[in-house]
Amino acid sequence: MTDLASLNERFGIDGELIFAVGHHGAEVAHVTNAWGSAEIALQGAQVLTWAPAGQPAVVWLSPAARFAAGKSLRGGAPVCWPWFGPHPDDPVKPGHGFARNLDWQVVSAERVNEGTRVVLGFTPGAAQQALWPYQAALELAVTVGEALRLELTTRNTGTIPLSITQALHTYFHVGDIASARVEGLDGCEYVDKVEGGAHKRQSGAVTIDGEVDRVYLGCPGEAVIVDDALRRRIRIGKGGSRSYVVWNPWAEKGAKFGDMGNDGYRRMLCVETTNAGDDVVTIASGKSFTLATEYGVESL
Ligand code: TA6
């Protein structure tokens, strides 16, 4: 258990930032300001929710999400690090790395021009050495304003180069998956994980009418979720990334998770800002690398 009273004393901002336990049981930093509100779980530095003022939630959290130590909640923006997906050599190691399952520390919290900025930090310890034999320090800066900005910085504190894959694995809320599409990936090559890793090329917008699990490569630009049901666009900007993952488990796989809620798959769509596939990041000793993404909303 975290000393929430101490966190509120050290980092709380009256009427704007409070540390508490959410309805789902997770200890969170709860941000509320003129632009909207967000929750960030201390476990995994996982943004759980983001709702701009006057808008339905943009970041989706399953209604069935319940906190359990060591397991990220279903939804939000899990931090996948220091590898994305199954471990490349050892399937026994945790999927999407270990950073999302462990407690992070609050580094700073402040009001900035763009909104409320909370920085959390994580340093792999001895327990992680067996999983990943490198030295690094990780920080996630979350800025809650008119936009939501996430900046994940890895600093190589060891003496040898290290390579990572990673993701800001964000679940976006859509009115109904049947009337949502992703624009901006036209012409990009992708690996279709639903069809055995076949390499294909995107033609036009990405529409979803079944399970979709794709790693888009060579696409450094903006993606846009167009949601006809909620009459809005969600713009996804990024830095430090040439790849995206688009994922929806659809009905059967979604039901098997057991934490998606009834028909939860119809209300969510993952468009993940990643360093995945061949988009591997190598960081020299003493150097840092930042994966950044920013979400904005506009009416159709
Ligand atoms: O990003 C898509 C994906 O890799 C899917 O293959 C699926 O495994 C999803 O992540 C969710 O993974 P999780 O471990 O959070 O259930």
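Structural data are supplied above this passage.
Everything numeric in this text was worked out from a predicted model, so none of it was measured. (Residues numbered from 1 in each chain as written. Predicted model: local features only at pLDDT ≥ 70, side-chain atom pairs only at ≥ 80, totals over all residues. Heavy atoms only, no water.)

Participant: What exactly am I supposed to notice about the packing of aromatic side chains here?
Facilitator: The way to describe two aromatic rings as a pair is by their centre distance and the angle between their planes. By the definition in use, this model includes 12 aromatic pairs. With a centroid separation of 5.9 Å and 85° between ring planes, the pair formed by Trp83 and Phe98 is classed as edge-to-face. Linking Trp83 in the loop between strand E5 (79-80) and strand E6 (105-112) with Phe98 in the loop between E5 and E6, this pair joins segments that are 15 residues apart in sequence. Taken individually, Trp83 and Phe98 each receive the classification buried, so the pair is uniform in this respect. Between Trp104 and Phe122, the aromatic rings sit 5.6 Å apart at their centres with planes inclined by 25°, giving stacked as the arrangement. Residue Trp104 is found in the loop between E5 and E6, and its partner Phe122 is found in strand E7 (residues 115-122); the two are separated by 18 residues along the sequence. Ring-pair connections join several aromatic residues into one group, and the members of that group are Trp81, Trp83, Phe98, Trp104, Phe122, Trp132 and Tyr134. It is Arg74 that lies over the ring of Phe257; its NZ or CZ is 4.0 Å from the centre. Directly above the aromatic system of Tyr244 lies the positively charged group of Lys238, at a separation of 3.5 Å from the ring centroid. (Phe/Tyr/Trp six-rings, centres within 6.5 Å; stacked < 30°, edge-to-face > 60°. Helix = DSSP H or I, 4+ residues; strand = E, 2+ residues; numbered from the N terminus. Buried < 20%, exposed > 50% of the residue type's maximum accessible area, 1.4 Å probe, protein only. Lys NZ or Arg CZ within 6 Å of the ring centre and 35° of its normal.)

Participant: Just checking my understanding: could you explain the pairing of strand E2 (residues 27-33) for this structure?
Facilitator: Put simply, side chains in a regular strand alternate between the two faces of the sheet. Of all seven residues in E2, five are buried; the element is thus mostly enclosed. Inspection of the sheet shows strand E1 (residues 17-21) paired to E2 by five bridges, in the antiparallel sense. Bridge pairing in E2 places Leu17 opposite Val31. Count of turn residues in the E1/E2 antiparallel hairpin: five residues, of which Gly25 carries a positive phi of about 95°. Inspection of the sheet shows E2 paired to strand E3 (residues 36-41) by six bridges, in the antiparallel sense. Within E3, the position partnered with Thr32 by the bridge is Ser37. Connecting E2 to the antiparallel partner E3 that follows it, the hairpin turn spans two residues. (Pairing = 2+ DSSP bridges.)

Participant: Is there a simple way to explain the sheet that holds E2 in this structure?
Facilitator: Within a sheet, adjacent strands bond to each other through the backbone by hydrogen bonds, running parallel or antiparallel. With antiparallel pairing, four strands are arranged side by side in an open sheet as E1-E2-E3-E4. Each having just a single partner strand, E1 and strand E4 (46-52) make up the two edges of the open sheet. Within the sheet, the average angular offset between the axes of one strand and its neighbour, ignoring direction, is 20°. Running over the sheet, helix H1 (residues 4-11) touches E1 and E2 and is turned about 175° from E1. (Axes fitted to C-alpha atoms, helices over the stretch in contact; angles between N-to-C directions. Contact = heavy atoms within 4.5 Å.)

Participant: What is the right way to read the site of the ligand from this model?
Facilitator: Neighbouring the ligand are Arg74, Phe84, His96, Arg100, His169, Lys193, Asp213, Val245, Trp247, Phe257 and Glu272. At a separation of 3.0 Å, an oxygen atom of the ligand approaches a polar side-chain atom of His96. Lys193 is positioned with one of its side-chain polar atoms (N or O) 3.5 Å from an oxygen atom of the ligand. For the ligand, whose unbound accessible area comes to 390 Å², protein coverage reaches 78%. (Near = heavy atom within 4 Å. Polar contact = N/O pair within 3.5 Å; in protein donor to acceptor, adjacent residues only side chain to side chain. Areas by Shrake-Rupley, 256 points an atom, 1.4 Å probe, with all protein chains shown as cover.)

Participant: I would appreciate a short explanation of unusual backbone geometry in the present structure.
Facilitator: With the exception of glycine, the majority of residues adopt a negative phi angle, and the majority of peptide bonds are in the trans configuration. Note the cis peptide between Trp81 and Pro82, where omega equals 5°. Looking at the element boundaries, Pro82 is found in the loop between E5 and E6.

Participant: Can you help me understand the sheet that holds E6 in this one?
Facilitator: Pairing is antiparallel in the open sheet, where nine strands are placed in the order E6-E7-E8-E9-E23-E19-E18-E13-E16. Each of the sheet's edge strands pairs with one partner strand only, and the pair in question is E6 and strand E16 (206-207). As judged from the nine bridges shared by strand E8 (residues 136-145) and strand E9 (residues 148-156), these two strands associate in the antiparallel manner. Paired with Thr143 across the two strands is Arg149, which belongs to E9.

Participant: What's the story with H1 in this structure? I'm lost.
Facilitator: Residues spaced three or four apart along an α-helix point in a common direction, a consequence of the helix completing one turn every 3.6 residues. All of the buried residues in H1 are Leu4, Leu7 and Phe11. Along the axis of H1, the buried residues cluster in a sector spanning 55°; they form a single face. Away from its buried face, by an angle of more than 90 degrees, H1 presents the exposed residues Ala5, Glu9 and Arg10. Each element contacted by the buried residues of H1 is listed here: E1, E2 and E6. (Arc of directions from axis to C-beta.)

Participant: What is the right way to look at the side chain of Asp213 in this model?
Facilitator: Structurally, Asp213 can be placed in strand E17 (residues 212-217). Residue contacts for Asp213: discarding those within four places in its chain leaves Val191, Asp192, Lys193, Val194, Val245, Val246 and Trp247.

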